[in-house]
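Chain by chain, the residues:
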Amino acid sequence: MNKTILITGATSGIGLGCARKFAANGDRLILTGRNVKKLEDIRKELEAKGTELLILAFDVRDRDAARKAIERLPEEWQQIDVLVNNAGLALGLEPEYQGDLDDWETMIDTNIKGLLTMTRLIVPQMISRNSGHIINIGSVAGDAAYAGGNVYCATKAAVKALSDGLRIDVADTAVRVTNLKPGLVETNFSNIRFKGDTARASKLYQGITPLTGDDIADVAVYAANAPAHVQIAEVLILATHQASGSVIVRK
């Protein structure tokens, strides 16, 4: 049965991969992001392939904008079957004692508070109908800190704890919660982390074949379509020559 999927941060990387993969699965999409032009481009691309979708332009850090966007959904779009909390970012690799306070605030507001906002807005309707699925995009960084990762790793550790906590909270219902934890994924993630320093970002992927946004999206689609009695609680997805957040063998 086709579902309605809401994906945050859908304009690039894992979010865009999820949009394309769920579209190929025949699902309806609600795509959110900050870049209106990119959202429009994706809508044209997917509608040309027969996908039914809506786009919502807002920043998950803006709680009021998120609330208004969800409240104003047309009635036929209000039943959201799967929420993919993908919006997130990393900024900087400085030691914690030299970190940028504004960068920290942006990561915390996006990766933690933005996820909580969307969860609070969407999950009550899932509880009321006893059906739904939340897929949080965490990270291997949430398992253990790595050099320079400090606050980013802390935000992804929070995603794990919030996913586990929500799974406990909804255990008496048929609502499912999944935490996907990617390792090295080649997206614009590193360009953002290094604030447009493409040369520095590209070095992270040298000597190894990294994951792609599509690889993570494949797992998300699988989890969302597992039998109703199966809950894919947590999946760690690494490149073949990556053993952990800090151990990468380059050849």
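Our structure's up above, just so we're on the same page.
Attention here is on the structure that accompanies the text. (Residues numbered from 1 in each chain as written. Predicted model: local features only at pLDDT ≥ 70, side-chain atom pairs only at ≥ 80, totals over all residues. Heavy atoms only, no water.)

**Topic: the overall build of the protein chain**
Point 1. Counting secondary structure elements, the protein chain contains eight helices and seven strands.
Point 2. Against the compact-globule benchmark of 18 Å for 251 residues, the protein chain has a radius of gyration of 17 Å, which places it among compact chains.
Point 3. Projected onto its principal axes, the C-alpha positions of the protein chain cover 50 × 40 × 35 Å.
Point 4. Expressed as a percentage of its 251 residues, the buried residues of the protein chain come to 49%.
Point 5. Pairs at least 24 apart in sequence give 72% of the contacts found in the protein chain among residues at least 6 apart.
Point 6. Counting every atom, the protein chain has about 11900 Å² of accessible surface; 52% of that belongs to carbon and sulfur. (Helix = DSSP H or I, 4+ residues; strand = E, 2+ residues; numbered from the N terminus. Rg over C-alpha atoms; globule rule 2.2 N^0.38 Å. Buried < 20%, exposed > 50% of the residue type's maximum accessible area, 1.4 Å probe, protein only. Contact = heavy atoms within 4.5 Å. Areas by Shrake-Rupley, 256 points an atom, 1.4 Å probe, with all protein chains shown as cover.)

**Side note on the environment of Ser 12**
Point 1. In this fold, Ser 12 is placed in the loop between strand 1 (4-7) and helix 1 (13-24).
Point 2. Judged by relative accessible area, Ser 12 falls into the partly exposed class, the value being 23%.

**Here's the deal with a negative patch on the surface**
Point 1. Together, Glu 94, Asp 100, Asp 102 and Glu 105 make up a region of like negative charge exposed at the surface.
Point 2. Looking at the secondary structure, you find Glu 94 in the loop between strand 4 (82-85) and helix 4 (101-129).
Point 3. Using a relative accessible area of 36% as the deciding quantity, one classes Glu 94 as partly exposed. (Patch = residues over 30% accessible without salt bridge, like charges linked within 9 Å, V, L, I, M, F, W, Y side chains within 5 Å. Salt bridge = Lys/Arg side-chain N within 4 Å of Asp/Glu carboxyl O. Lys, Arg positive; Asp, Glu negative; His and termini not counted. Charge placed at Lys NZ, Arg CZ, Asp CG, Glu CD.)

**Some details on the packing of aromatic side chains**
Point 1. Applying the stated criterion across every chain yields a total of zero aromatic pairs.
Point 2. Here the basic side chain of Arg 28 rests over the ring of Trp 77, its NZ or CZ set 3.9 Å away from the ring centre. (Phe/Tyr/Trp six-rings, centres within 6.5 Å; stacked < 30°, edge-to-face > 60°. Lys NZ or Arg CZ within 6 Å of the ring centre and 35° of its normal.)

**Considering the sheet that holds strand 4**
Point 1. One open sheet holds the seven strands; their spatial order is 3-2-1-4-5-6-7, and the pairing between them is parallel. Each end of this open sheet is capped by a strand with a single partner; those strands are strand 3 (53-57) and strand 7 (234-237). Strand-to-strand twist of the sheet, defined as the mean angle between neighbouring strand axes without regard to direction, takes the value 15°.
Point 2. By the bridge criterion, five bridges tie strand 2 (residues 28-33) to strand 3 in an arrangement that is parallel. In the strand pairing of strand 3, Gly 33 is matched with Ala 57.
Point 3. Helix 4 contacts strand 1, strand 4 and strand 5 (133-137) of the sheet and is inclined by roughly 170° relative to strand 4. (Pairing = 2+ DSSP bridges. Axes fitted to C-alpha atoms, helices over the stretch in contact; angles between N-to-C directions.)

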